[in-house]
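Architecture and fold: a report
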Amino acid sequence: MNTATPAHALAVTLHYAEPPSFSIWEMVLLALLIVLSLVGFFARFDRVLRNIFTARKDPDFHIAPVGRRIWDFFWEVLCQAKVIKERPLPGLAHAFVFWGFLAFALVSLNHFASGFGLGFLDSDGPIGSLIDGFYFWFAAVFALLVAVSIAGLFVRRFFVRPIWLGKKVSYESGVIAFLIFALMVTYLAAFTIPSTSPMARGLWWAHALCILIFLPLIPHTKHLHLVLSPITIFLSRGEFSHIPPLEGDEDFGLVTGKDVTQLVALQAYSCVECGRCSEHCPATNTGKVLNPKEIILGVRGYLNDLGPRSEEPLLGKYNSQEAAFQCTTCGSCEYQCPVGIEHLPIIIGLRRGAVNTGAWEDDHGTKLFLALERNGNALGMSATERDKFIKKQELPIFDGSQEYCLWLGCMGAYDPQGREIIASFAKVMNYLGTSFGVLKKEKCTGDPVRRLGNDLVFQQLAEQNLEIMKQQKVTKIVTICPHCVRTIAKDWKDYGASPEVEHHSEFMARYQDKLPKTNGPEIVYHDPCYLGRYRGSYDQPREVLARSGKVIDPPRARERSFCCGAGGGLAFLGEESGERISHVRAKELAATGASIVGAACPFCNTMFRDALAATSDAPPQLLDIAQITAQSIANATTTPSNGAQNA
C-alpha cells in the first residue's frame, strides 16, 4: 500500500525532466536549425561589426586604467546598479531579466547539447552527477523572476506606455517579450511533466525553438544592446562628458561618416531606446526639437544606410542642426544612460563639424565669437570695465605671494549681479584670513565656445590664459563659476598643464567650522549642472548653506537636478523656442515655499533672475551661497580670532 502523502508525491513529481532520446533525423533537424539561427544572427551582426571596426579610430582612447574599467563593468553591468537606481521598479525588472539570461547560459548550452546526447548538466552528465539537479532548481528561481518581470515590462510598454518610450509602438519588443516569457514557461513546465511523457518532447522542442528564433532577431532590433552594451560600458572614454581632441588639421569634428569614430559607432548601436535621456533632457521637456535619443538613433540610421565611409553630411537628413544647437550640455542624458552612451561628445562633435566648416550660421553665435576674439570676454565689454570694478572693490592684485588666485570669470568681472557675488566672496575670504589676489589681465576660459564647437577661438583663449598663469606663477585658483572650474581643470589640459582649481563652495566647505552658525530661513538649493553632475560636488554647497539656514531640496535635486538653461553657450544665443527652461526650473524652486533660492553658479543666477520674478508677485529672494554666507558673517555678533583683513 502506498503511504506517500500528497506533499511527498508533489516533491517527487517536481523535478526537471530528463531530455528525451532523439532519433538521428531529429539530431540532423536540430543541427540544421542551429546553423540557420546562427547564420541569421551573424548575417546582420557582421555588418554591424564592420561598420564599427571600419570607423575611424578614436585619437585619445587608452585602455588604461583597466582596474576602473573592471569596476565599472562589475557595478553597472553585472550588478545593474545604474539601471536599478535611476528607475527602481522597471530597473529591477530589467535586472532580473539580465540576471536570468546569465543563469540560463549554462541551461541553454546544456539544452542543445542534450539534443545530441551530450548534456553535461543531466543526471548522467559529467557535472550533473555531481550537483544532483541543483543548478536546474537554481535556474528555476530565475525563470520565475524573469517571467514575472518580462510580463510587467510588457504591460508597461504596451499599456502604461510612458511618453519617453516614444509614440511609435514597438511590436518587435512584444515579440521578444513573448519569446522570453515562453522560454521561461516551457522551462518551468518541464518540472511538472515526466520525461517519458510525449508532452516532454514537445516542451523540449518548444524551448529550443524559442531560443533559435530569438537569436537571429537580436541584431535586427534594439536588443542588440544585450551583446554590445557590456562592451560599451567597459570601453567608455573614462570621464564624464569628455570632449576628444581633434586629430590633425583636417579634423573638424563630426562632419560626415568618415569622421565617425569607433566609440561613436559602438555607442550608436548600443542604444536600447529606453528614453531615460529624453525623460531628463531640459530641451525635450520644454518642447524643443532636440531629443538626445533621436540624436543617437540618427547616427545609427546614418551608419545603417550609408556606412562610416560616406561623405554625406551627418547633419541634415538624419539629425537636424537646430537640435544639435539646442543642447545645454547639462549632462542629464549621459548621466542617466544605462548602456554607456556618451551623448555630449557626440552632440558637441556635431556642433564642431558645423562651426569649424562654416555650416552653422547664427547672428548671436557670430557676435559671441567676435566678442571673445576682440575683447576676451563673452559679454563683449572693454577690459577697462573690469579694471574699474577691481579698483572700486579694492581687490588685491595677484603677485605670486598670495595663496589663491581669485578667478573672476566673465560673469564675475562684467555682470552686475556676478560682481556682487565676487564682492561677497572676497569678504568671506578676508574673514577667513586667506590671502588672495586677482589677475591684472584675465580672459574668458573659453567655456561657451568649447561647448559650441569653435575650437580655434577656444585654443586661443586657453593658450593665452595658460601663458598668463605661467608668468604670474599661479598654482591655486578659486572661482565662483563651475563652468570655469570644469574648463580650467579638464579642457585646458589639451594645451598645457593648468593650475589646481576649485569652486568657491568647495573652498568654503573646507572652512565651514570657522563660519558663523545662524538659525536663518529656509533655503532651497539649486544644483548647478557643472558643479553637480560634472564635478560631483553636492554636499559641500549644502554644508555651507546649512550654516545660515535650513536647506531643503526641490523635487529634482542632486544628480537629477534640472538645468537652468544657460550651459552649452545657450546663455548667449538669444531667446529659446518653446517653453523657457529657466522658467520651468524657477517654478519648481518657488513651489517649495522657501524664502531664499540658493545658487552656486553666476549663470544660474542670471537665468533665474527674471524667471523667478515671473513666478509670482512675491518671488523668493535669489542669492549665491557666497552672498548668503557674507550676510551671516555681517550679522554675526563675534568675529573668530583668526579673522583678519587681507593685506
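Residues numbered from 1 in each chain as written. Predicted model: local features only at pLDDT ≥ 70, side-chain atom pairs only at ≥ 80, totals over all residues. Heavy atoms only, no water.

Another aspect to go through is the sheet that holds strand 7 (residues 596–599). Within the open sheet, the 4 strands sit side by side as 6-5-7-8. Their pairing is parallel. Every interior strand has two partners, whereas the edge strands, strand 6 (550–552) and strand 8 (621–624), have only one. Recorded for the sheet is a direction-independent mean angle of 35° between the axes of neighbouring strands. As paired strands, strand 5 (residues 522–525) and strand 6 are joined by 3 bridges and run parallel to one another. (Pairing = 2+ DSSP bridges. Helix = DSSP H or I, 4+ residues; strand = E, 2+ residues; numbered from the N terminus. Axes fitted to C-alpha atoms, helices over the stretch in contact; angles between N-to-C directions.)

Our next topic: the domain arrangement of the chain. Quite often, the size of an interface is put as the accessible area lost when its parts meet. Taken domain by domain, the chain comprises domain 1 (6–234), domain 2 (244–356), domain 3 (381–508) and domain 4 (512–638). The distance between the C-alpha centroids of domain 1 and domain 3 comes to 55 Å. (Domains from an automatic or database assignment.)

Position of isoleucine 523 among the secondary structure elements: in strand 5. Distance from isoleucine 523 to leucine 622, taken between C-alpha atoms, is 9.7 Å for residues 99 residues apart in sequence.

At a minimum axis separation of 7 Å, helix 2 (residues 24–53) and helix 9 (residues 198–217) run at an interaxial angle of 20°. Viewed along their axes, helix 2 and helix 9 adopt a mutual orientation that is roughly parallel. Between helix 2 and helix 9 lies a crossing of left-handed hand. Across the interface between the two elements, Glu26, Leu29, Leu30, Leu33, Ile34, Ser37, Leu38, Gly40 and Phe41 of helix 2 pack against Arg201, Trp204, Trp205, Leu209, Leu212, Leu215 and Pro216 of helix 9. When grouped by side-chain class, the residues that make up the contact of helix 2 with helix 9 number 12 nonpolar, 2 polar and 2 charged. (Parallel < 35°, antiparallel > 145°, perpendicular 65-115°, else oblique. Left-handed = near helix turned anticlockwise from the far one by under 90°. Contact = heavy atoms within 4.5 Å. Nonpolar A, V, L, I, M, F, W, Y, C, P; charged D, E, K, R; others polar.)

As a further point, take a nonpolar patch on the surface. A contiguous nonpolar patch, built from Trp71, Phe74, Trp75, Leu78 and Leu102 and spanning about 510 Å² of accessible area, is present on the exposed surface. Here the nonpolar patch gets 4 residues from one element, more than from any other, and that element is helix 3 (residues 66–78). Considering the arrangement of structural elements, one finds phenylalanine 74 in helix 3. Residue phenylalanine 74 is classed as partly exposed on the basis of its relative accessible area, which comes to 39%. (Patch = residues over 30% accessible without salt bridge, like charges linked within 9 Å, V, L, I, M, F, W, Y side chains within 5 Å. Areas by Shrake-Rupley, 256 points an atom, 1.4 Å probe, with all protein chains shown as cover. Salt bridge = Lys/Arg side-chain N within 4 Å of Asp/Glu carboxyl O. Buried < 20%, exposed > 50% of the residue type's maximum accessible area, 1.4 Å probe, protein only.)

Attention now moves to the packing of helix 2 against helix 11 (residues 262–270). Contact geometry of helix 2 with helix 11 gives a least axis separation of 8 Å together with a crossing angle of 150°. If you check the angle between helix 2 and helix 11, you find them roughly antiparallel. Taken together, the residues of helix 11 that come into contact with helix 2 (itself represented by Arg44, Val48, Asn51, Ile52 and Phe53) are Gln262, Ala265, Leu266 and Tyr269. In terms of residue class, the contact of helix 2 with helix 11 is made up of 6 nonpolar, 2 polar and 1 charged.

So, on to the packing of aromatic side chains. One pass over the structure, following the stated rule, counts 29 aromatic pairs. Centroid distance phenylalanine 41 to phenylalanine 45: 5.1 Å. Interplanar angle 35°. Geometry classified as tilted. With phenylalanine 41 and phenylalanine 45 both in helix 2 and 4 residues apart, the pair spans about one turn of that helix. Measuring from ring centre to ring centre gives 5.4 Å for tyrosine 135 and phenylalanine 138, while their planes differ by 45°; the resulting arrangement is tilted. Of this pair, tyrosine 135 and phenylalanine 138 both sit in helix 7 (residues 134–160), 3 residues apart, roughly one helical turn. On the basis of relative accessible area, tyrosine 135 is assigned to the buried category, the value being 15%. By the ring-pair criterion, three or more aromatic residues cluster together here, those being Phe104, Trp137, Tyr187 and Phe191. Taking NZ or CZ as reference, lysine 82 lies 5.6 Å from the ring centre of tyrosine 335, over its face. (Phe/Tyr/Trp six-rings, centres within 6.5 Å; stacked < 30°, edge-to-face > 60°. Lys NZ or Arg CZ within 6 Å of the ring centre and 35° of its normal.)

Where burial is concerned, the two faces of strand 7 agree: the one with Ile596 and Gly598 and the one with Val597 and Ala599 are both buried. Across 3 bridges, strand 5 lies against strand 7 in parallel orientation. Each bridged residue has a counterpart across the sheet, and for valine 524 the counterpart in strand 7 is valine 597. Judged from the 4 bridges that link them, strand 7 and strand 8 form a sheet pairing that is parallel. Residue pairing in the sheet places isoleucine 596 in a bridge with glutamine 621 of strand 8.

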